[in-house]
Amino acid sequence: MNLKGRNFLTLKDFSPEEITYLIDLAADLKDKKKKGIPVNHYVGKNVALIFEKTSTRTRCSFEVAAHDMGMGTTYLDPSGSQIGKKESIPDTARVLGRMYDGIEYRGYGQEIVEELAKYAGVPVWNGLTNEYHPTQMLADLLTIREHLGDYKGLKFVYMGDARYNMGNSLMIACAKMGMHFVACTSKEYFPSKELVAQCEEYAKASGGSVALTEDVESGTKDADVIYTDVWVSMGEPDEVWAERIKVLSPYQVNKKVMDNAKDSAIFMHCLPAFHDLKTKIGKEVYEKFGMKELEVTDEVFESKQSVVFDEAENRMHTIKAVMVATLGEQ
Ligand code: CP
Ligand code: NVA
């Protein structure tokens, strides 16, 4: 398998075999890291990390992975460069492409990262857009494989806003890898018809399926994986909070939901999560709406079934695999 020179913008662009190759590579890199075997022969290469939205996991994963590999990094924060304000994306891409071996971009519309990739001349990696979060998918797939063995035939349930980056990306990943994906949410939060149709095609080829339901009882019954994400994403206006809380509260992941899933079921969340009052936003939402927990209860988040910190760690190993594969295995 050779992915040298490829961009990593959405899993739609990758075949199940290529995705499996990236997961296998990540597992190998993780094993090497645990054993203290260095993979540091990328000295002399440099990567630019553009973040128009904030990040903990994605930024740290790119930086640690790059440093492990011997590469230099430049972090461009949401306000610290000319990007998109004084300088267009095509010009930025051509400038950075002359200096760097790869570019990570986190921001708003998918069209921005696509445009960056069109002009950069070096691999561009999507670190999250409104529409997709593909590096998170690799971490989630590796985590599922570590806990449940294989993907084929697993019932994967996503609860919450299924029209946004996480819902879209998980539906694509599940459909490509042969899982039975269920979006269990209010119908105004169902993914777009176009993406559902595309994923149904992927599922036909992989033996998986795609289903949409508003019914929590049947939707989560005997699930292998229960996944949720924040109800209000980065960049969305504060005004949407009230509506989200009203409509999505029946889709909170709580003990009743986990009890309805298989005994062996795992709970997943890309993080950050809203499960207690230990954050600034958490306190504000509590003061305004009286909610101590939102998309997941603290009980589930802290339970044995929760694998959220394995997912977080796997962000680093899988992002390292994306860089190794697209910069070229050496
Ligand atoms: N899951 C994830 O992308 O986390 P960050 O926003 O902290 O990067
Ligand atoms: N849907 C969330 C994902 C965070 C990793 C957001 O876009 O903010």
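In this text, all values refer to a predicted model and were calculated from it rather than measured experimentally.

A. Up close: the pairing of strand β9 (residues 266–269). What you see with β9 is no split at all: Ile266 and Met268 on one side and Phe267 and His269 on the other are buried throughout. Summarising the sheet, strand β8 (residues 225–228) and β9 pair through 4 bridges and their orientation is parallel. Counterpart to Thr228 in the pairing with β9 is His269.

B. Region of the structure containing the site of ligand 2. Lining the immediate environment of ligand 2, one finds Leu128, His133, Tyr164, Asn165, Asp229, Val230, Ser233, Met234, Cys270 and Leu271. Between Asn165 and ligand 2, the recorded distance is 2.8 Å, taken from a side-chain N or O atom to an oxygen atom. Between Ser233 and ligand 2, the recorded distance is 2.7 Å, taken from a side-chain N or O atom to a nitrogen atom. Summarising the interface, the protein chains cover 95% of the accessible area of ligand 2, which totals 270 Å² for the free molecule. Looking at side-chain class alone, the shell around ligand 2 contains 6 nonpolar, 3 polar and 1 charged residues.

C. The arrangement of the sheet that holds strand β1 (residues 46–51) in detail. What the 4 strands build is an open sheet, ordered β2-β1-β3-β4; its pairing is parallel. Strand pairing shows two members of the sheet lacking a second neighbour, β2 (72–76) and β4 (124–126), which therefore form its edges. Within this sheet the neighbouring strands show an average axis-to-axis angle of 20°, counted without direction. Pairing of β1 with β2, which is carried by 5 bridges, proceeds in the parallel orientation.

D. Region of interest: the site of ligand 1. Close contacts around ligand 1 come from Ser55, Thr56, Arg57, Thr58, Arg106, His133, Gln136, Cys270, Leu271 and Arg315, and that covers them all. Contact between ligand 1 and Thr56: an oxygen atom at 2.7 Å from a main-chain N or O atom of the residue. In the environment of ligand 1, an oxygen atom lies 2.7 Å from a nitrogen or oxygen atom belonging to the side chain of Thr58. Isolated, ligand 1 exposes 250 Å² of accessible area, and the fraction of that covered by the protein chains is 96%.

E. Summary view of the environment of Arg145. Within the fold, Arg145 resides in helix α5 (residues 134–148). A sequence separation of 122 residues divides Arg145 from Ile23, and the C-alpha atoms of the two residues are 9.2 Å apart. The residues touching Arg145, leaving out its near neighbours within four places in the chain, are Ile23, Asp24, Ala27 and Tyr151.

F. Seen up close, the state of the cysteines. This structure, assessed with the given rule, holds 0 disulfides. Its sulfur unpaired, Cys174 is 9.2 Å from the next cysteine sulfur, which belongs to Cys199. With relative accessibility at 1%, the residue Cys174 sits in the buried group. You can see Cys184 has no disulfide; the closest cysteine sulfur is in Cys174, sitting 14 Å from it. Judged by relative accessible area, Cys184 falls into the buried class, the value being 0%.

Conventions adopted
Residues numbered from 1 in each chain as written. Chains lettered and ligands numbered in written order. Predicted model: local features only at pLDDT ≥ 70, side-chain atom pairs only at ≥ 80, totals over all residues. Heavy atoms only, no water. Buried < 20%, exposed > 50% of the residue type's maximum accessible area, 1.4 Å probe, protein only. Helix = DSSP H or I, 4+ residues; strand = E, 2+ residues; numbered from the N terminus. Pairing = 2+ DSSP bridges. Near = heavy atom within 4 Å. Polar contact = N/O pair within 3.5 Å; in protein donor to acceptor, adjacent residues only side chain to side chain. Areas by Shrake-Rupley, 256 points an atom, 1.4 Å probe, with all protein chains shown as cover. Nonpolar A, V, L, I, M, F, W, Y, C, P; charged D, E, K, R; others polar. Axes fitted to C-alpha atoms, helices over the stretch in contact; angles between N-to-C directions. Contact = heavy atoms within 4.5 Å. Disulfide = S-S within 2.5 Å.

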